[in-house]
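# Examination of the molecular architecture
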Amino acid sequence: MKVAGTQRSQILASRIANSLGVGLLPVHYSRFPDGEHYLQTGPLDDQTVIIGTVTDSDSLVQLLLLIDACGTSENVLVLPYMGYARQDKQFREGEPVSARAVAQALSRGVNRVITVQIHDPAVLTHFGLPAENLTPVPEIHSFLSSAGYQDPLILAPDEGALGFALAIARKERWDCDHLEKTRLSGEEVRVEPKKLPVTARTVVIVDDIISTGGTLATAARMLYSQGAAEVHAVCVHGIFTGGAYTFLLNAGISDLVASDSIESGYSRYSVADSVARAIQNADH
Ligand code: R5P
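This one's a predicted model, so the numbers in the text were calculated from it and none came from an experiment. (Residues numbered from 1 in each chain as written. Predicted model: local features only at pLDDT ≥ 70, side-chain atom pairs only at ≥ 80, totals over all residues. Heavy atoms only, no water.)

## Some thoughts on the sheet that holds strand β7 (residues 112-116)
Strand order in the open sheet made by the six strands is β2-β1-β5-β6-β7-β8, with parallel pairing throughout. Only two strands of the sheet have a single neighbouring strand rather than two, namely β2 (23-24) and β8 (131-134). Pairing analysis gives four bridges linking strand β6 (residues 76-79) to β7, with the strands arranged parallel. Each bridged residue has a counterpart across the sheet, and for Leu 79 the counterpart in β7 is Thr 115. (Pairing = 2+ DSSP bridges. Helix = DSSP H or I, 4+ residues; strand = E, 2+ residues; numbered from the N terminus.)

## Section: the pairing of strand β10 (residues 175-178)
Of the strand pairs in this sheet, strand β9 (residues 153-156) and β10 are connected by four bridges, and their pairing is parallel. Bridge pairing in β10 places Ala 156 opposite His 178. Each parallel crossover has a hand, and the one from β9 via helix α5 (residues 162-170) to β10 is right-handed. (Right-handed = clockwise from strand over helix to strand, strands pointing away.)

## Let's talk about helix α3 (residues 98-106)
When we look at burial in α3, the residues that qualify are Ser 98, Ala 99, Val 102, Ala 103 and Leu 106. Relative to the axis of α3, the buried residues are bounded by an arc of 125° and lie together on one face. Summarising the contacts, the buried residues of α3 are in contact with α2 (57-69) and β6. (Buried < 20%, exposed > 50% of the residue type's maximum accessible area, 1.4 Å probe, protein only. Arc of directions from axis to C-beta. Contact = heavy atoms within 4.5 Å.)

## Some details on the site of the ligand
Taken together, 14 residues sit near the ligand, with Asp 207, Asp 208, Ser 211, Thr 212 and Thr 215 positioned nearest. Take Asp 207: an N or O atom from its side chain is 2.5 Å from an oxygen atom of the ligand. Across the complex, the protein chains shield 89% of the 380 Å² of accessible surface that the ligand would expose by itself. Listing elements by their share of the shell around the ligand, those giving two or more residues are β11 (181-183), β13 (202-210) and α6 (214-225). The element that contributes the greatest number of residues to the shell around the ligand is β13, accounting for four residues. Across the shell around the ligand, the residue classes break down as two nonpolar, six polar and six charged. (Near = heavy atom within 4 Å. Polar contact = N/O pair within 3.5 Å; in protein donor to acceptor, adjacent residues only side chain to side chain. Areas by Shrake-Rupley, 256 points an atom, 1.4 Å probe, with all protein chains shown as cover. Nonpolar A, V, L, I, M, F, W, Y, C, P; charged D, E, K, R; others polar.)

## What about the packing of aromatic side chains?
Within a pair of aromatic rings, the relevant descriptors are the distance that separates the centres and the angle that separates the planes. Counted under the stated rule, the structure contains four aromatic pairs. Seen in terms of ring centroids, Phe 32 and Tyr 38 are 5.6 Å apart; in terms of plane orientation they differ by 75°. Their pairing is edge-to-face. Taking the centre distance of 4.9 Å and the plane angle of 35° together, the rings of Phe 240 and Tyr 245 count as tilted. We classify Phe 240 as buried; its relative accessible area is 6%. On the basis of relative accessibility, which here comes to 30%, the residue Tyr 245 falls in the partly exposed class. An aromatic cluster is defined as three or more aromatic residues linked by ring pairs; in this entry it consists of Phe 240, Tyr 245 and Tyr 266. (Phe/Tyr/Trp six-rings, centres within 6.5 Å; stacked < 30°, edge-to-face > 60°.)

## Some thoughts on the pairing of strand β3 (residues 27-31)
Where β3 lies against strand β4 (residues 37-41), five bridges are found, and the strand directions are antiparallel. Pairing of Ser 30 across the sheet is with Tyr 38, part of β4.

## Looking at unusual backbone geometry
Not every positive phi belongs to a glycine, and Ala 200 is a case in point at roughly 60°. If you trace the backbone, Ala 200 turns up in the loop between β12 (189-191) and β13. By relative accessible area, Ala 200 is classed as exposed at 64%.

## A word on helix α4 (residues 137-147)
Of all the positions in α4, only Val 137, Glu 139, Ile 140, His 141, Phe 143 and Leu 144 are classed as buried. Directly after α4, the chain includes Gly 148, whose backbone phi takes a positive value near 70°.

## What about the sheet that holds strand β16 (residues 267-269)?
Pairing is parallel across the open sheet formed by six strands, whose spatial order is β10-β9-β13-β14-β15-β16. Both edges of this open sheet fall to β10 and β16, since each of them pairs with a single strand only. Averaged over neighbouring strand pairs, the angle between their axes works out to 35° when direction is ignored. Across eight bridges, β13 lies against strand β14 (residues 230-238) in parallel orientation. Counted as the bridge partner of Ile 209 is His 237 from β14. Against the sheet, α5 makes contact with β9, β10, β13 and β14, and its axis sits at roughly 175° relative to β10, the strand it touches most. Where α6 meets the sheet, its contacts fall on β9, β13 and β14, and the angle it forms with β13 comes to roughly 165°. (Axes fitted to C-alpha atoms, helices over the stretch in contact; angles between N-to-C directions.)

Here's what the structure looks like:
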C-alpha cells in the first residue's frame, strides 16, 4: 500500500503515510500551456490510498486525474474536505444536486470512500460505495483540553452544529449551548438575539466549516456585547474565503483553529491518525 496526495493535500498525505507506516507515492504535478492539469505518478503498489481535499474546481480535476492514474479499483479515496457537498438538495428548480454529481464522478476507480466531517452524512449514499464519515471530536477535545481554558462555554452557531458541540463538551462536562442562525445570502447571516451566561467568560464557538467567516463574526459580536471575555473559534474545515481572516479579526475573534483537512496557517490539529485508523480498521 502507498499513500498519494493531490497538491493541496501533500502535508496531510505524508502524515497519514507516517501514521500507517507506509510510503508516500511520488507524484509530479504540472500544467499544459493552456492551463490543463497534468500529473505523473511514480511506481504504483497494489493499493493506493488517495488523499484529495476538494476546495475548488482545480483540486477536483487534479483528484479525478490522480484516481485515474492510480489505476486499480482496490484504491481508497479520502476526502478530507468535500467541496460542493453543501449543495446537497435541489433548492430551486433547475439547480443541480452538486454533491451527487461530484460524488458520482469521484467514485469511479475506487472501492471505498472516507470523508471527514462532511456537511451532511446523507451525501455518502451518492458514492454508491462503502463510505464512512469521520468526526474529529477527540482531536478537538484534546486541543481544547491542552489549551487550558477555565470553565469555557462551548457554543454551536446553529442547531445543526449542536450535536457536534455537545460531543466536544461532554467529556469535560463543559457547558454547551447553541444559537439560531438564518442565512440571508452567501455572505450574510442573521443570528437571533439570545441571552447567554457569558459575562467575563471564554466562549469557544465550534463549527464544521468557516468560509466567509460571516457566521462567526456575527456570533462573536453578540457574545462580546453580552460581556464575554474572549471568543475563540474552532472548526474542522478552514476555507477562509477572501477577506475572512480580516473580517474575523475585526470582530475580535481571539483565536482561530482549524484542522489540516485544508492546510493553512490556522491548521492546529491533525485528522491524520483518525484517517489512518479508519483505513486500518476496514483492512482487518
Ligand atoms: C453552515 O451550515 C455551516 O455549518 C457553517 O456554519 C457555514 O458554512 C459557515 O459559513 P460562513 O463562514 O461563510 O458563515
